[in-house]
2 protein chains.
Amino acid sequence: MEANRVYNFNPGPATQPLEVLKEAQAEFLNFKGTGESIIEISHRAKEFEAVLDQAKADILSLMGLGDDYDVLFLQGGASTQFAMIPMNFARDGKVGSYVVSGSFAEKAYKEAEILGVGHIAATSKDDDFRHVPTQDEIKIADNAAYLHLCYNNTIYGTEYHYIPETNGVPLVADMSSDMLSRPLDFSKFTFIYAGAQKNLGPAGVVVVVAKKSFIDVKHKDIPTMLRYGIHLEKNSLYNTPPAFCIYMVGKTVAWIKAQGGLSAMAERNAKKAKILYDAIDNSNGFYKGHAAKDSRSFMNVTFRLPSEELEKKFVDEAKAKSLCGVKGHRSVGGMRASIYNAMSIEGVERLADFMESFRKANA
Amino acid sequence: MEANRVYNFNPGPATQPLEVLKEAQAEFLNFKGTGESIIEISHRAKEFEAVLDQAKADILSLMGLGDDYDVLFLQGGASTQFAMIPMNFARDGKVGSYVVSGSFAEKAYKEAEILGVGHIAATSKDDDFRHVPTQDEIKIADNAAYLHLCYNNTIYGTEYHYIPETNGVPLVADMSSDMLSRPLDFSKFTFIYAGAQKNLGPAGVVVVVAKKSFIDVKHKDIPTMLRYGIHLEKNSLYNTPPAFCIYMVGKTVAWIKAQGGLSAMAERNAKKAKILYDAIDNSNGFYKGHAAKDSRSFMNVTFRLPSEELEKKFVDEAKAKSLCGVKGHRSVGGMRASIYNAMSIEGVERLADFMESFRKANA
């Protein structure tokens, strides 16, 4: 760990690769000899288009997808995608079918409901979102335009360990908190999206990876900026894009490639998650995990302590040891350690060591 | 001019204050002793909320507005505002009344048309958008929810030199390209918005300054992210905001304050504009300004040369002298020098000197 830097376990915005931050810092006044900062360069300049196109190519390559897919860089966060998806696709008597596996999955469903096209295919709300619904629990609507999943549930610390079979219904997934963290057969998905601020870079850009044939729609009754087909046609340059965020996503995906790609990420992420889940499971019940074991997230590790008083103490003492951002979301309480791609094994080991010493001192 | 930096006359993204860039660069790995980059800090952290609240306070103070106004930081560019404005306000039999004074003004009108609520109050299209419509030309619809203006027309190089009287109809203005460039009686406007990437910072955030009572609307048939009232209630933190962009806007408005505020900006901007308009007017017709004299913009100076061949030569030779981004928009042709707040007088003098020497060599 660099002097003065902390271990940042925040759920997003989240810790970023230090190498990426340093590169961006070094060239901040003069991007690649242009004599301009990356934030000053015209989005129509060839230097910027090269950045955007390289980021797209790296993302598709990391995901093992071909040119039947394309990458869009949009704004408004996953929250805006929640609305755009049903507006663009759940039309002409079709509905959006939703697996409600957590807060953001439910928010996505609610935006379809505003448009009168929401359908719940499965929910684990009764279980306090401790597990992601199984294949057997999912009942896709007959008139479904798509099945929507939230692949990792940041707040509850759950994640899919399988890809649901949809029998031909397009599979749409919010991967905001586990995008590019492990290899999957991404070709089973028709539409994947992610807010960048966890695994991909700064807040302010949403990465959409989708089948071109699916998103090539420009319904004339939808505001222009909300039509996927416009952004597809214009290579995400219909209007001025969030250039700095795209540039940082580009650097981050290049870093993932340099680390060995998604397999290497997955190996490291599994190792990090195991360290923390072992600390929970070997605590004689002092730490209690929120997620059911077969739904445990590789990205967000959620757990409670015996009392809220101890939880507060844990947060404070952790922070004093430069282990920051471990407080859980109010809807679950307790702790949440977010351990995205950029979190080091060292940081996770430090946290596990602290968990053990805290337990010994307070059990 | 710093070694290796160029004079950047691009229309946006555009040149930014070098002091601001250097400050951001210096603290990029560790923001104010947090041990985190500004792009890694939680948007719920007190350090980030302080950045956001200070930026808001500085903007209202620069504009001389009281607490009946509020500032929102939104995403999707002015282009998304084009749609949100009629969605939120032109309802219940009311229309949006638009002054069409250029390309972006027309785009704003077209988004209202998509919703079936567009009305043209005036247009200068027949005049190739050489002037902004006068008070006498503007006929506001009887059932207008608002009158919409584009206060500076980036592509055509025109700008309002008066504030239209609306007789009580809320005045809405896209100030993307002249926001905070000069003092105005902003209290005559109900709703002002601007993409940041000209005078305010990086692309990726839109600044909305509006009367609270006007934007406190949450129509249940509009997607949540498109309801102004949600962003007002949540202090622009309903979802993860474009944190880096807001931070840079904060630094930029602090820089404007330190320079002496809007009066100082206006004085400097008027001086810069005069240097270039004098170069046009004193060129014996070699340079021909596009804008009518009484509509000339302080921000974007547009002019043609005697031939397209000379125009191409001008762009190339200017670039060789580190005078970049002077090529005009294809719909006007010729040249456009964008001279926002951050462009130095020295840069403008260099461009004027080059114009004179180019004219002598090629007239």
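Everything here concerns the structure above.
Let me sum up the structure you'll find in this document.

### Examining the sheet that holds strand 14 (residues 335-338) of chain B
To summarise the sheet geometry, strands pair through backbone hydrogen bonds and adopt either a parallel or an antiparallel arrangement. Read across the open sheet, the 3 strands follow the order 11-12-14 (chain B); overall the sheet is antiparallel. Bordering the open sheet on either side are strand 11 (288-289) and strand 14 of chain B, each of which pairs with just one other strand.

### A short note on the interface of chain B and chain A
Facing the 59 residues of chain B at the interface are 59 residues of chain A. Summed over the three residues of chain B that lose the most area to chain A, namely L29(B), I39(B) and E40(B), the buried surface amounts to 14% of that side. Across the chain B-chain A interface, the total number found is 2 salt bridges. Taken together, chain B and chain A are joined by 24 residue pairs in polar contact (both at pLDDT 80 or more). A per-element tally of the side of chain B that touches chain A places helix 1 (residues 18-26) of chain B first, with 6 residues. Across the side of chain B that touches chain A, the residue classes tally to 27 nonpolar, 23 polar and 9 charged.

### Some thoughts on the sheet that holds strand 14 (residues 335-338) of chain A
Residues and elements named next belong to chain A. Spatially, the 3 strands line up as an open sheet ordered 11-12-14, and their pairing is antiparallel. One side of each edge strand has no neighbouring strand; the edge strands of this open sheet are strand 11 (288-289) and strand 14. Of the pairings in the sheet, the one linking strand 11 to strand 12 (residues 300-304) comprises 2 bridges and is antiparallel in character. Along strand 12, the bridge assignment pairs K288 with R304.

### With respect to the relation of the copies chain B and chain A
Once chain B has been moved 0.0 Å along the axis and rotated by 180°, it coincides with chain A to within an RMSD of 0.0 Å. Viewed as a symmetry operation, the transformation between the two copies matches a two-fold axis. The share of interface residues of chain B whose copies in chain A are also at the interface is 100%, consistent with both copies meeting through the same surface.

Basis of the calculations
Residues numbered from 1 in each chain as written. Chains lettered and ligands numbered in written order. Predicted model: local features only at pLDDT ≥ 70, side-chain atom pairs only at ≥ 80, totals over all residues. Heavy atoms only, no water. Pairing = 2+ DSSP bridges. Helix = DSSP H or I, 4+ residues; strand = E, 2+ residues; numbered from the N terminus. Contact = heavy atoms within 4.5 Å. Buried area = accessible area lost by both parts, 1.4 Å probe. Salt bridge = Lys/Arg side-chain N within 4 Å of Asp/Glu carboxyl O. Polar contact = N/O pair within 3.5 Å; in protein donor to acceptor, adjacent residues only side chain to side chain. Nonpolar A, V, L, I, M, F, W, Y, C, P; charged D, E, K, R; others polar. Least-squares fit on C-alpha atoms with pLDDT ≥ 70 in both.

Fair warning: the whole summary comes from geometry, so function is off the table for now.
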